[in-house]
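Listed below, chain by chain, are the residues.
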Amino acid sequence: MAVLLAEVRRNPILWLLVFVPVVFGAEKAAPESHTLLFVLSVLAIVPLAALLSHATEAVAARTGDAVGGLLNATLGNLTELVIALAALRAGEYMLVKASIAGAIVTNTLFMLGASFLIGGLRYHVQEYNRVNARLQAGLLFLATVALLVPSAVAVADSRGAMGFTETVSVGLAVLLIGAYALGLVFSLKTHRELFAGAEHAEAEEAPWPIGLALGVLAGVTVLVALVSEVFVESVQKAAEAFGMSRAFVGFIVVALVGAAAEMASAFSGARKDRLDLSVGIALGSASQIALFVAPVLVLLSYAVGPSPMTLQFWPGAVVMMLIATMTASLVTNSGRSAWFVGALVLMVYLIFAMTLYVLPPRVQ
């Protein structure tokens, strides 16, 4: 406990843990105050996501590379997965799909662009391993193609598309998970030497004891699940109060909140001229969501959802994910970056955010 308390005192983000009991108390005292519950749940999820990130790194540090990569796939984006599962059980499929698309775009554009900008303001030019960036961008492009197929068919043939879309979504989910597994084998086993530049010795601090890390993982996962229930129940009314659609909330708010801990690590790496770390977190997290989290949610919808969820996204989301992937491929192709590159990438993200806020999609 002394290690955990020391971490809380050292990390200002974890001071927001005070909002965890507050949100539960507010739910009991004022269950109809949806806007208040929405704000409190967002403030509570941010420090919980940070704790999950620390615990995941501690567990992964004590396993082999392959197991550590799998843990990062399953636990690194656990916050987004738990929020999406809560929305899945509630039948809020628009929120689920918006959070998936938003997480991909946010990690690819906002996290990557802000890292380039933050690092570039401190260093004239920064370099990183472009092999890793190319691999992650290639995996993202594969996932975007997979998401484009059911959406394009549904638009072309709306009458007989539903049965086809459900069937092909299950097949695509299996293929995407398989592609992600092959990517892990390629980067962590058969061609590990190509990615050595991204493996900085980040061991400035001793990892948490394994017992503490596993205990934090279990406890925080339960808390995230409970807070996510409050979030999903309040999000619709709160979105109306703020003049936002559920798509905007999922695409922007949920994505930013869920990735808060990863962003802190990516931005810290950029400030220390460890852009390998920042690029790996941004693009690696995006590819995990596209190739692992989204397919898992499709398969789980048959067990926990009111009806099967498909990989049919509204056309605007597919276009945004495709543009985000192409932008990442373009700006990471040289293996060098400066602050202006980051500013341009952030501009693309802001264009998407403004468009969703002003003209939200109608597809449910």
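Residues numbered from 1 in each chain as written. Predicted model: local features only at pLDDT ≥ 70, side-chain atom pairs only at ≥ 80, totals over all residues. Heavy atoms only, no water.

Caption draft 1: Inspection of the overall build of the chain at higher detail. Within the chain, the regular secondary structure consists of 14 helices and 2 strands. Burial statistics for the chain: of 364 residues in total, 53% are counted as buried. Taking the contacts inside the chain whose residues are at least 6 apart along the sequence as the reference set, 85% of them involve residues at least 24 apart. For the chain, the accessible surface area stands at approximately 15,800 Å², while carbon and sulfur atoms represent 68% of it. (Helix = DSSP H or I, 4+ residues; strand = E, 2+ residues; numbered from the N terminus. Buried < 20%, exposed > 50% of the residue type's maximum accessible area, 1.4 Å probe, protein only. Contact = heavy atoms within 4.5 Å. Areas by Shrake-Rupley, 256 points an atom, 1.4 Å probe, with all protein chains shown as cover.)

Caption draft 2: Up close: the nonpolar core. Grouped together as the largest cluster of nonpolar side chains are 123 residues, with contacts concentrated most on Ile 100, Val 105, Phe 231, Val 249, Leu 297 and Phe 313. Non-local contacts of Ile 100, meaning those with residues more than four positions away in its chain, are made with Ile 289, Ala 294, Leu 297, Met 309 and Phe 313. (Core = buried A, V, L, I, M, F, W, Y, C linked by side-chain atoms within 4.5 Å.)

Caption draft 3: Focus on the packing of aromatic side chains. Counted under the stated rule, the structure contains 7 aromatic pairs. For the ring pair Phe 110 and Tyr 349, a centre distance of 5.3 Å and an interplane angle of 50° mean the geometry is tilted. Pair noted here: Phe 110 is in helix H6 (residues 93–122) and Tyr 349 is in helix H14 (residues 339–358), with a separation of 239 residues, a long-range link. You can call Tyr 349 buried: its relative accessible area is 3%. Within the aromatic cluster, the residues linked to one another by ring pairs are Phe 38, Phe 231 and Phe 242. (Phe/Tyr/Trp six-rings, centres within 6.5 Å; stacked < 30°, edge-to-face > 60°.)

Caption draft 4: Main features of helix H12 (residues 275–304). Along H12, the helix axis deviates most sharply at Ile 289, where the bend reaches about 35°. Summarising burial for H12: 23 of the 30 residues are buried, a large majority. (Bend = angle between axes of the 7 residues up to and from the residue.)

Caption draft 5: Structural detail: the pattern of salt bridges. Applying the stated criterion across every chain, the model contains 2 salt bridges. The closest approach of N and O atoms between Glu 229 and Arg 89, which form a salt bridge, is 2.2 Å. Here Glu 229, found in helix H9 (residues 210–241), pairs with Arg 89, found in helix H5 (residues 78–89); they are 140 residues apart in sequence, far enough to count as distant. A residue is classified by how much of its surface remains accessible, and Glu 229, at 28% relative accessible area, is partly exposed. For Glu 127, the salt bridge is made with Arg 336, and the minimal N-O distance between the two is 2.8 Å. Here Arg 336 lies in strand E2 (residues 336–337) and Glu 127 lies in strand E1 (residues 126–127), a separation of 209 residues in the sequence. Since its relative accessible area comes to 43%, Arg 336 is described here as partly exposed. (Salt bridge = Lys/Arg side-chain N within 4 Å of Asp/Glu carboxyl O.)

Caption draft 6: Geometry of the confidence of the model for the chain. Looking at the chain, the pLDDT average stands at 82 and 88% of residues meet or exceed 70. Every residue in residues 198–203 scores below 50 in pLDDT, and together they form 9 contacts with partners more than four places removed in sequence or on other chains. (pLDDT = per-residue confidence, 0-100.)

Caption draft 7: Summary view of a nonpolar patch on the surface. Nonpolar side chains collect at one region of the surface, where Leu 121, Trp 339, Phe 340 and Leu 344 lie side by side and expose about 450 Å² of accessible area between them. In terms of residue count, H14 provides more of the nonpolar patch than any other element does, 3 residues in total. Mapped onto the secondary structure, Trp 339 falls in helix H14. (Patch = residues over 30% accessible without salt bridge, like charges linked within 9 Å, V, L, I, M, F, W, Y side chains within 5 Å.)

Caption draft 8: Highlighting empty space enclosed by the protein. As enumerated under the stated definition, the model contains 2 cavities of 30 Å³ or more in all. Space inside the second largest cavity adds up to approximately 60 Å³. Glu 80, Leu 81, Ala 84, Ser 99, Ile 100, Ala 103, Val 254, Ile 289, Val 293 and Leu 297 together form the lining of the second largest cavity. Of all elements in the fold, only H5, H6 and H12 reach the threshold of two or more residues within the lining of the second largest cavity. (1 Å grid on protein atoms, 1.4 Å probe; cavity = no way out; pocket = protein on both sides within 12 Å on 5 of 7 lines; lining within 4 Å. Points joined across faces, edges and corners; volume = space filled by probe spheres on them.)

Caption draft 9: Just unusual backbone geometry, in detail. Residues other than glycine seldom take positive phi values, yet Asp 273 does so here, at roughly 65°. With respect to the helices and strands, Asp 273 occurs in the loop between helix H11 (260–271) and H12. Overall, Asp 273 belongs to the partly exposed group, its relative accessible area being 36%.

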